[in-house]
Amino acid sequence: MPTYRDEGVVLRTHQLGEADRIVTLLTREHGKVRAVARGVRRTSSRFGARLEPFMVADLQLAVGRSLDIITQAVTLGAYAPVIVADYRSYTAATAMVETADRLTDEDGSRQQYLLLVGALRSLARAEHDPSLTLDSYLLRALSIAGWAPSFGDCAVTGEPGPHRAFVPQLGGMVSDEAAPPGALRIDPATLELLGALLTGEWALAEASPPGVRTRASGAVAAYVQWHLERGLRSLEHVDRGAR
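What counts, and where the lines are drawn
Residues numbered from 1 in each chain as written. Predicted model: local features only at pLDDT ≥ 70, side-chain atom pairs only at ≥ 80, totals over all residues. Heavy atoms only, no water. UniProt positions renumbered as here; feature names shortened; annotations may be inferred. Domains from an automatic or database assignment. Pairing = 2+ DSSP bridges. Helix = DSSP H or I, 4+ residues; strand = E, 2+ residues; numbered from the N terminus. Axes fitted to C-alpha atoms, helices over the stretch in contact; angles between N-to-C directions. Contact = heavy atoms within 4.5 Å. Parallel < 35°, antiparallel > 145°, perpendicular 65-115°, else oblique. Nonpolar A, V, L, I, M, F, W, Y, C, P; charged D, E, K, R; others polar. Buried < 20%, exposed > 50% of the residue type's maximum accessible area, 1.4 Å probe, protein only. Core = buried A, V, L, I, M, F, W, Y, C linked by side-chain atoms within 4.5 Å. Left-handed = near helix turned anticlockwise from the far one by under 90°. Polar contact = N/O pair within 3.5 Å; in protein donor to acceptor, adjacent residues only side chain to side chain.

- An unreviewed UniProt entry annotates the protein as DNA repair protein RecO originating from Agrococcus pavilionensis RW1.
- For the record of the protein, the UniProt heading Function (unreviewed entry) holds the text "Involved in DNA repair and RecF pathway recombination."

Take a look at the structure:
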């Protein structure tokens, strides 16, 4: 049975039989992989805890007929225990892995893998507010997938900004002439925060007041829900409260 090695972050797991588990991974080189981890639910398992959601591991897998088989797992990023211990981080991470699951397939994307691992690492280290980390991740993940929002020039006409109308189905900010009736209006402070989250200007993002963050999160959620067509279930449960 041929084998291969790769790095992977655990997106989700499902029980299989009495002691096994199906693990869905986003890997660095092989895209999204569904594999069986045998015996991981037994207390004597050598690597059960290494294959929980949000964990990053160096993996050896054997190619199977329908599902590959994980034969070895060495922890590279033990992010799960820290993230799960903080509810805000946990809800943010859950939305992240669901997004990665929806945006990737077997062909994969190294950029998506690196972005997700970096975001989970940032959550575990409490580098930024979890809500900001999540919104930044969502904007960047959609950009990598080909849906980069425009927060400057009009997404329809290219007319230089700034503009006030935000229309997710048109690609972001649009001029008044291109905006449909009832389009969401974005104030300058919220628009500045959205741009900072997309480009990783963390000093500016961290200086934003709670009300601006709330409005920015609403715009990000609308953009994500439109482009993913089916809503992210986990996004509804994200704890956006201040620390």
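Picking up after the structure, the text goes on.
**Describing the domain arrangement of the protein**
Point 1. Looking at the protein, the domain boundaries give domain 1 (3-80) and domain 2 (128-236).
Point 2. The gap between the C-alpha centroids of domain 1 and domain 2 is 34 Å.

**Let's talk about the sheet that holds strand β5 (residues 68-77)**
Point 1. Taken in spatial order, the five strands line up as β1-β2-β3-β5-β4 and close into a barrel, and their pairing is mixed. Each adjacent strand pair in this sheet contributes to an overall mean axis angle of 50°, direction not counted.
Point 2. Where strand β1 (residues 3-16) meets strand β4 (residues 56-62), seven bridges bridge the pair, whose relative direction is antiparallel. Within the sheet, the bridge partner assigned to Thr3 lies in β4 and is Ala62.
Point 3. Sheet strands in contact with helix α2 (residues 87-103) are β1, β2 (20-27) and β3 (32-37), and its direction is about 115° off that of β1.

**Some points on the packing of α2 against helix α3 (residues 110-124)**
Point 1. Between α2 and α3, the shortest axis-to-axis distance is 10 Å and the interhelical angle comes to 175°. With respect to α3, the element α2 is oriented roughly antiparallel. Contacts from Ser89, Ala92, Ala93, Met96, Val97, Ala100 and Leu103 in α2 reach Gln112, Leu116, Ala119, Leu120 and Leu123 in α3.
Point 2. When its residues are assigned to classes, the contact of α2 with α3 shows ten nonpolar, two polar and no charged.

**Overview of the pairing of β2**
Both faces of the sheet carry side chains from a regular strand, because those side chains alternate between them.
Point 1. Across the eight residues of β2, seven count as buried, placing the element largely inside the fold.
Point 2. Direction of pairing for β1 relative to β2: antiparallel, over a ladder of eight bridges. Looking at the pairing, Gln15 lines up with Arg21 of β2.
Point 3. Once β1 ends, the chain turns through three residues before running back antiparallel as β2, passing Gly17 with a positive phi of about 65°.
Point 4. Across six bridges, β2 lies against β3 in antiparallel orientation. Looking at β3, one finds that Leu25 is bridged to Val33.
Point 5. Connecting β2 to the antiparallel partner β3 that follows it, the hairpin turn spans four residues, and Gly31 within it adopts a positive phi of roughly 70°.

**Some words on the nonpolar core**
Point 1. By size, the foremost hydrophobic cluster in this structure holds 50 residues, and its most contacted members are Val9, Leu116, Leu120 and Tyr137.
Point 2. Where this core is concerned, the elements lending two or more residues are β1, α1 (80-85), α2, α3, α4 (130-144), α5 (188-199) and α7 (210-228).
Point 3. For this core, the domains that each give at least three residues are domain 1 (3-80) and domain 2 (128-236).
Point 4. When neighbours within four sequence positions are excluded, Leu116 is seen to be in contact with Val9, Leu11, Leu26, Met96, Val97, Ala100 and Tyr137.
Point 5. Within the second largest apolar cluster, 14 residues are counted, among which are Tyr4, Val10, Ala37 and Ala57.

**A short note on the packing of α5 against α7**
Point 1. It is the contact of α5 with α7, at a shortest axis distance of 9 Å, that shows an interaxial angle of 65°. Helix-helix and strand crossings are classified by hand; for α5 and α7 the assignment is right-handed. Listed contacts from α7 to Ala189, Thr190, Leu193 and Leu194 of α5 are Val212, Arg213, Arg215, Ala216, Ala219 and Val220.

**Notes on the environment of Ser234**
Point 1. Along the chain, Ser234 turns up in the segment after α7.
Point 2. When the C-alpha positions of Ser234 and Leu59 are compared, they lie 27 Å apart, and in sequence the two are 175 residues distant.
Point 3. Each residue touching Ser234, except ones within four places of it in the same chain, is listed here: Thr94, Ala95 and Glu98.
Point 4. Here Glu98 takes part through its side chain, which lies 2.4 Å from a polar atom of the side chain of Ser234.

**Details of the sheet that holds strand β6 (residues 165-167)**
Two strands in a sheet stick together by hydrogen bonds in their backbones, pointing the same way (parallel) or opposite ways (antiparallel).
Point 1. Taken together, the three strands give an open sheet; going across it, the order is β7-β6-β8, and neighbouring strands pair in antiparallel fashion. For this open sheet the edge positions go to β7 (172-174) and β8 (184-185), each flanked by a neighbour on one side alone.
Point 2. Sheet topology note: the β6/β7 ladder contains three bridges and is antiparallel. Bridging across to β7, Phe166 finds its partner in Met173.

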